[in-house]
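Structural description and commentary
Here are the chains, one letter per residue:
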Amino acid sequence: MKVKTSVTLSDSLLADIDRHAGRDANRSEFIETAVRRYIAALVRSKQNARDLAIINRRARRLNREALDVLDYQIPV
């Protein structure tokens with residue numbers, strides 16, 4: 001379901017939208033796609049930050065495990 005809303009945009013942004021969306025494109029569809037992509041990027045960024053925090057909390061243990069594995073490698 002779509003809901004009609006009003007958004008105020010600068011002239012220059014609207015010109016950019018028109019330029020990139022193309023002459024026959026629907027502005028609403030272009031803006032909806034852009035916003036969905038932006039939200040997806042925000043979600044990915046937050047997940048990446050959570051993952052990095054987990055890795056950083058466990059870094060010392062992970063590094064010890066990596067060094068232990070390297071000790072088992074046979075020299076070439």
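Keep in mind that this is a model prediction, so the values were computed, not measured. (Residues numbered from 1 in each chain as written. Predicted model: local features only at pLDDT ≥ 70, side-chain atom pairs only at ≥ 80, totals over all residues. Heavy atoms only, no water.)

Section: the overall build of the protein
Along the protein, the regular secondary structure elements total three helices and zero strands. Listing each helix as α and each strand as β along the protein from the N terminus yields α-α-α. Here the C-alpha atoms of the protein give a radius of gyration of 24 Å, more than 25% beyond the 11 Å that 2.2 N^0.38 yields for 76 residues. A buried classification covers 1% of the 76 residues belonging to the protein. (Helix = DSSP H or I, 4+ residues; strand = E, 2+ residues; numbered from the N terminus. Rg over C-alpha atoms; globule rule 2.2 N^0.38 Å. Buried < 20%, exposed > 50% of the residue type's maximum accessible area, 1.4 Å probe, protein only.)

Quick look at the pattern of salt bridges
Scanning the model with the defined rule gives five salt bridges in all. Of the charged contacts, one joins E32 and K2 as a salt bridge, the two residues approaching to 2.5 Å between their closest N and O atoms. Taken together, the positions of E32 in helix α2 (residues 27-57) and K2 in the segment before α1 (11-21) put the pair 30 residues apart, joining distant regions of the chain. Among the residues examined, K2 registers a relative accessible area of 62% and is labelled exposed. Put simply, K2, E32 and R36 are held in one network by salt bridges that share partners. (Salt bridge = Lys/Arg side-chain N within 4 Å of Asp/Glu carboxyl O.)

Here we look at the packing of α1 against α2
Viewed as axis vectors pointing N to C, α1 and α2 meet at an angle of 95 degrees, and their least axial separation amounts to 10 Å. With respect to α2, the element α1 is oriented roughly perpendicular. Packed against α1, whose contacting residues are L14, I17, D18, H20 and A21, the element α2 presents R27, F30 and I31 at the interface. Of the residues assigned to the contact of α1 with α2, the class counts are five nonpolar, one polar and two charged. (Axes fitted to C-alpha atoms, helices over the stretch in contact; angles between N-to-C directions. Parallel < 35°, antiparallel > 145°, perpendicular 65-115°, else oblique. Contact = heavy atoms within 4.5 Å. Nonpolar A, V, L, I, M, F, W, Y, C, P; charged D, E, K, R; others polar.)

Topic: the environment of L14
Its place among the elements puts L14 in helix α1. Apart from the residues lying within four places of it in its own chain, the contact partners of L14 are L9 and R27.

A word on the confidence of the model for the protein
A residue-level look at the protein finds 96% of positions with pLDDT of 70 or above and a mean pLDDT of 92. The secondary-structure element of the protein with the lowest mean pLDDT is helix α3 (residues 59-72), recorded at 89, while α2 shows the highest, at 96. (pLDDT = per-residue confidence, 0-100.)

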